[in-house]
Amino acid sequence: MKDRILNIERGLTKIILTICVLAIIVGTGMVFTITIARYFFGISWEWAEELSRYCIIFAALLGSGPMVFKETHICMSIISEKIQSRKLLLMHQLLTAVCVLIITILLFIWGVELVLASNMRSYSLIFTMKAIYAMIPISMAVSILYCVLKILAVLFSINETPKGGEMKL
């Protein structure tokens, strides 16, 4: 079952990272284009500046999901580096994943409330801010999925015998 979970995670991560790369390429391309347009042609597109910012923010929020599973997010590893027992390390990973899951669920709920309550229009774009604010619950839903996959992977790893002294998943 753990192998199935890892395969799901790998496939989902490829899709998520592809979306993130495309968002960063679009955002960076827009920044480059508006910079050239401003300095060489005297043209300024406020909507492009704002949209490029949102593309890069969306990539950062969406890319946080795979980081939860692989434990590559910013963390204090003081405790986990000191743990020598494999079972204790797995329990630490489980506790961490549950804490991140709770925080992510709270952010998801807040994001949904933000989307539903927003009637604002973007400063320079034509659409409402609901589309922009929707980035929060969408990215948190992805992070929730990764937290659940992490919890399941850890739970299925507890009774396994480690391969070659391997401590992580």
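Let us look at the structure shown here. This one's a predicted model, so the numbers in the text were calculated from it and none came from an experiment.

Rules used in this analysis
- Residues numbered from 1 in each chain as written.
- Predicted model: local features only at pLDDT ≥ 70, side-chain atom pairs only at ≥ 80, totals over all residues.
- Heavy atoms only, no water.
- Helix = DSSP H or I, 4+ residues; strand = E, 2+ residues; numbered from the N terminus.
- Buried < 20%, exposed > 50% of the residue type's maximum accessible area, 1.4 Å probe, protein only.
- Contact = heavy atoms within 4.5 Å.
- Areas by Shrake-Rupley, 256 points an atom, 1.4 Å probe, with all protein chains shown as cover.
- Lys, Arg positive; Asp, Glu negative; His and termini not counted.
- Charge placed at Lys NZ, Arg CZ, Asp CG, Glu CD.
- Phe/Tyr/Trp six-rings, centres within 6.5 Å; stacked < 30°, edge-to-face > 60°.
- Lys NZ or Arg CZ within 6 Å of the ring centre and 35° of its normal.
- Axes fitted to C-alpha atoms, helices over the stretch in contact; angles between N-to-C directions.
- Parallel < 35°, antiparallel > 145°, perpendicular 65-115°, else oblique.
- Left-handed = near helix turned anticlockwise from the far one by under 90°.
- Nonpolar A, V, L, I, M, F, W, Y, C, P; charged D, E, K, R; others polar.
- Disulfide = S-S within 2.5 Å.
- Salt bridge = Lys/Arg side-chain N within 4 Å of Asp/Glu carboxyl O.
- Polar contact = N/O pair within 3.5 Å; in protein donor to acceptor, adjacent residues only side chain to side chain.

## Focus on the overall build of the chain
Then, in step 1: The number of helices and strands found in the chain is seven helices and zero strands.
Then, in step 2: Element order for the chain, N to C, with α for helix and β for strand: α-α-α-α-α-α-α.
Then, in step 3: Counting across all 169 residues of the chain, residues that qualify as buried make up 36%.
Then, in step 4: Intrachain contacts of the chain at a sequence separation of at least 6 include 74% that bridge at least 24 residues.
Then, in step 5: Accessible area for the chain stands at about 10600 Å²; split by element, carbon and sulfur atoms hold 73% of it.
Then, in step 6: When the 15 basic and 10 acidic side-chain charges of the chain are each reduced to a single mean position, those positions are 6 Å apart.

## Regarding the packing of aromatic side chains
Then, in step 1: All chains considered together, the criterion is met by zero aromatic pairs.
Then, in step 2: In this arrangement the basic side chain of Lys 150 is found over the ring face of Phe 69, its NZ or CZ atom lying 5.7 Å from the centre.

## Regarding the environment of Met 30
Then, in step 1: Within the secondary structure, Met 30 sits in helix α1 (residues 2-41).
Then, in step 2: Exposure remark for Met 30: the relative accessible area of 14% places this residue in the buried category.
Then, in step 3: Put simply, Met 30 and Ile 74 are 44 residues apart on the chain and 29 Å apart in space, counted from C-alpha to C-alpha.
Then, in step 4: Not counting the four nearest positions on each side in its chain, Met 30 is found in contact with Trp 47, Ala 48, Leu 51 and Ser 52.

## Here's the deal with the packing of α1 against helix α2 (residues 46-62)
Then, in step 1: Interaxial distance between α1 and α2 falls to 8 Å at its minimum, and their mutual angle equals 155°. Considering the angle they form, α1 stands roughly antiparallel to α2. Along this stretch, α1 crosses α2, giving a crossing that reads as left-handed. Where α1 abuts α2, its residues Ile 16, Ile 19, Cys 20, Ala 23, Ile 24, Val 26, Gly 27, Met 30, Val 31, Ile 34 and Arg 38 lie against Trp 47, Ala 48, Glu 49, Leu 51, Ser 52, Cys 55, Ile 56, Phe 58, Ala 59 and Leu 62.
Then, in step 2: When grouped by side-chain class, the residues that make up the contact of α1 with α2 number 17 nonpolar, two polar and two charged.

## A word on the state of the cysteines
As used here, a disulfide is simply a covalent bond connecting the sulfur atoms of two cysteines.
Then, in step 1: Using the criterion set out here, one finds zero disulfides in the structure.
Then, in step 2: With no disulfide of its own, Cys 99 lies 10 Å from the sulfur of Cys 147, the closest cysteine sulfur.

## As for the pattern of salt bridges
Then, in step 1: Within the structure shown, the criterion is met by two salt bridges.
Then, in step 2: Among the ionic pairs, Glu 9 bridges to Lys 70, the shortest N-O distance being 3.2 Å. With Glu 9 in helix α1 and Lys 70 in helix α3 (residues 64-70), the pair connects residues that are 61 residues apart, well separated along the chain.

## What about the side chain of Ser 139?
Then, in step 1: As for its position among the elements, Ser 139 is in helix α7 (residues 135-157).
Then, in step 2: Using a relative accessible area of 0% as the deciding quantity, one classes Ser 139 as buried.
Then, in step 3: Within the local environment of Ser 139, its side chain forms a polar contact with the backbone oxygen of Met 135, the two atoms lying 2.8 Å apart.
Then, in step 4: Only 3.1 Å separates the side chain of Ser 139 from the backbone oxygen of Ile 136, close enough to count as a polar contact.
Then, in step 5: In this structure, Ser 139 is in contact with Leu 61 and Leu 62, ignoring residues within four places of it in sequence.

## Focus on the environment of Ser 122
Then, in step 1: By secondary structure assignment, the location of Ser 122 is in the loop between α5 (86-117) and α6 (129-133).
Then, in step 2: Taking the relative accessible area as the measure of exposure, Ser 122 reaches 6% and is therefore buried.
Then, in step 3: A C-alpha to C-alpha distance of 8.5 Å links Ser 122 and Ile 132, two positions ten residues apart in sequence.

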